[in-house]
Amino acid sequence: MAYGQFEQFIRNMGRVMTQVNTKLQRDLTMRGRVSRRFSQTEVAEFLGVDATYLARIAKDEPHYPEGERTGRERSFSPSEIITIRGILASRPGARRDHLYWRQAGDPIKVVTFGAQKGGTGKSLTAAHFAQYLSLFYGLRVGIIDADPQATASLYFADADLPLFAPDTPTLAEFMGVDDPGASELTHRSMEELNAIWRPTPWPGVRLIPGGANIQNGDISLFFLSQRSGVPVYRVLRDAIAAWDAAYAPATAMGDLRDAEGAFDPDRFNAALNETLDVIVIDQQPSLTLMQLNGLIAADSVVIPQTMKGFDLATLATYIGNIGEYLEFIMGFEADLEIGNGDHVVLPTIVQEQNNQDTDQILDLYRRSPREISQVWYNRSDAIANAAEEYKSIYEYLPPRTRRTSAKAFMTNANAVNDSLVARVLPHLPTRGFAEEFIKERWG
C-alpha cells in the first residue's frame, strides 16, 4: 500500500518517538520517585509545631518513625511525615488538629485547574497544590488528570503505573464514556470505579491518570447527547458522587489507637486509603465536553493565567465560552447548583522585573479584587530545572549551585498554595505564607 508523504512522516516520527521521548530521564525519575527527605526542622514546619515537641513525642510513641540518620540529624520521607501526623492527631487530649481529614457526613471538595491556553503552568500548579495539601495538612488527595498528554500524571506516577499504556484506565473509564459506539453510559461497579484510582508514592494521594482514551470520551459524550438524552455535562459529577457514597469517610481519630491506647499503624494505613478528602482536576487546555465535565463537577475553579496581552485574550475567550455553556445548561436544569465555592484567576510565570506583568496584575485586581489573586507564581529557572526530571519543587533535590533558587521558588509555591487554601478550602487554617507575600509586594 502506498502512503502519502505526510502519513509516512507521521508513521516514522511515531516510531522514533516511542524509542526516544525523553524516556531515559522519565524512567530514572519513575524508579526513584519521592526520594526527597525532610529534616526534623522541616517536618516541624509542615506540622506547625516546635521541633523539640516532636523529639519529646518520639520518645513516648513506639511507632514514631525512626527516619534516616546522618550524624546527629534525622530525615523523614513524606510517608513517615504523615505517620507522625497520625500519631499526633490520635493522641488522647490532642489540643489541635494534625490530620485534617473529613469526617462522616462531610462533603468531598473538588478543585479544578483549567485554562484555555497551554504553557501557563497549569499542570504543575495543580500538582503543587495536591502535594502541598499532603505535606502541610495530611489530606487524602485524588488527582484526576483530564489531559490526554498526561502532564500532571508525570509528577505522581512511578514504575508501578504504566502511563500511556493502551489498557491503563483513564477518566473516560471512570465516567463510563470509554466506548464511542455505546448507546448508553458503561456501567461499572463501585469496586471497579475505586480500582481506577491508582496509588502513588505520595501517601494518601491517588491518581486517575491521563491518556489518549480521554479523547474517546469526547466522541462518546457527543453521540450520547444525540442518542440517549444523557446530561453529558454532569457525567463526571455524578460518577464522583456515586463513588463517594460508596467510599465515604468512616474513621475517626480515636479509631487509630488500639484498646490499650497505642497507635495502630495498620488501622492508620487502612484509613489513609479508605476515601479522599479533596479531588484536584487538571484540565486539558481546551473546552471540550470532557473538560466541561471537570468544570461542572468542581466546587472551585482555579484559572492559572500568564499576564501578556495576547494570553489575556485567550482568558477572555475561555470565560466567554464557559458563560455560554452555563447559560445553555441552566436552560435544562435551572436549579442545578454549580461551583458553590470560591473561584480565582491565578497569575503565573510572572516576571517581576518587568513592570508590564505586575502592572497588568494590579489593573486586573483593581477592576476585580474578588476574582484576581494577589499572590502569583514568579518565573523561575528552578522549576525549569526540576521539570527536566519530571519533578515538582516539593520533590526536587537541587545541586548545590541551584539550592538558593530552588528554596526561593518553594517559598513562592508555599505562598501560592496558602492563598489557594484560603480561597477554595476555607475550613482549613492557613499558614501565613500568602500574607507575607502580599505584605512584601503590596505593602
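Residues numbered from 1 in each chain as written. Predicted model: local features only at pLDDT ≥ 70, side-chain atom pairs only at ≥ 80, totals over all residues. Heavy atoms only, no water.

(A) Expanded view of the packing of aromatic side chains. On inspection of all chains with the given rule, the structure shows 20 aromatic pairs. Summarising the aromatic geometry, the rings of Phe113 and Phe129 are spaced 5.8 Å apart at their centres and angled 55° between planes, so their arrangement reads as tilted. Of this pair, Phe113 sits in strand S4 (residues 109-113) while Phe129 sits in helix H6 (residues 122-137); the two residues are 16 residues apart in sequence, bridging distant segments of the chain. As far as the burial class goes, Phe113 and Phe129 line up, both buried. Relative to Phe409, the ring of Tyr377 has its centre 5.6 Å away and its plane inclined at 20°; by these criteria the two rings are stacked. With Tyr377 in the loop between helix H14 (355-367) and helix H15 (381-387) and Phe409 in helix H16 (residues 403-424), this residue pair connects regions lying 32 residues apart in the sequence. Both residues of the pair, Tyr377 and Phe409, count as buried. Over the ring of Trp101 we find Arg140, and its NZ or CZ is 4.0 Å from the ring centre. Its guanidinium or amino end placed over the ring of Phe437, Arg441 lies 3.9 Å from that ring's centre, counting from NZ or CZ. (Phe/Tyr/Trp six-rings, centres within 6.5 Å; stacked < 30°, edge-to-face > 60°. Helix = DSSP H or I, 4+ residues; strand = E, 2+ residues; numbered from the N terminus. Buried < 20%, exposed > 50% of the residue type's maximum accessible area, 1.4 Å probe, protein only. Lys NZ or Arg CZ within 6 Å of the ring centre and 35° of its normal.)

(B) Spotlight on the sheet that holds strand S9 (residues 300-305). Strand order across the open sheet formed by 7 strands is S6-S7-S5-S8-S4-S9-S10, with mixed pairing between neighbours. Looking at strand neighbours, the two that pair on one side only are strand S6 (198-199) and strand S10 (344-347), the edges of this open sheet. With 3 bridges joining them, S4 and S9 adopt parallel strand pairing. Paired with Phe113 across the bridge in S9 is Val302. Contacts from helix H13 (residues 309-330) reach S9 and S10, with the element oriented near 155° to S9. (Pairing = 2+ DSSP bridges. Contact = heavy atoms within 4.5 Å. Axes fitted to C-alpha atoms, helices over the stretch in contact; angles between N-to-C directions.)

(C) Quick peek at the pattern of salt bridges. Here the structure, examined in full by the defined rule, presents 21 salt bridges. For the salt bridge of Arg69 with Glu66, the shortest nitrogen-to-oxygen distance reads 3.3 Å. Here Glu352 ties to Arg441 by a salt bridge, and the two come within 2.6 Å at their closest N and O atoms. One end of the pair, Glu352, is in the loop between S10 and H14; the other, Arg441, is in helix H17 (residues 433-442), with 89 residues separating them in the sequence. (Salt bridge = Lys/Arg side-chain N within 4 Å of Asp/Glu carboxyl O.)

(D) Structural view of the packing of helix H3 (residues 40-47) against helix H4 (residues 51-60). Where H3 contacts H4, the two axes come as close as 9 Å, and the packing angle between them is 100°. On the basis of their axis angle, the class for H3 and H4 is roughly perpendicular. Contacts between H3 and H4 involve Gln40, Val43, Ala44 and Leu47 on the former and, on the latter, Ala51, Leu54 and Ala55. In the contact of H3 with H4, the residues fall into 6 nonpolar, 1 polar and no charged. (Parallel < 35°, antiparallel > 145°, perpendicular 65-115°, else oblique. Nonpolar A, V, L, I, M, F, W, Y, C, P; charged D, E, K, R; others polar.)

(E) Examining the sheet that holds strand S3 (residues 73-76) more closely. Spatial strand order, S1-S3-S2: 3 strands in an open sheet with antiparallel pairing. Lying at the two open borders of the sheet, with one neighbouring strand each, are strand S1 (38-39) and strand S2 (68-70). With 3 bridges joining them, S2 and S3 adopt antiparallel strand pairing. Note that in S3 the partner of Glu68 across the bridge is Ser75. Along the sheet, helix H5 (residues 78-90) makes contact with S1 and S3, crossing S3 at roughly 95°.

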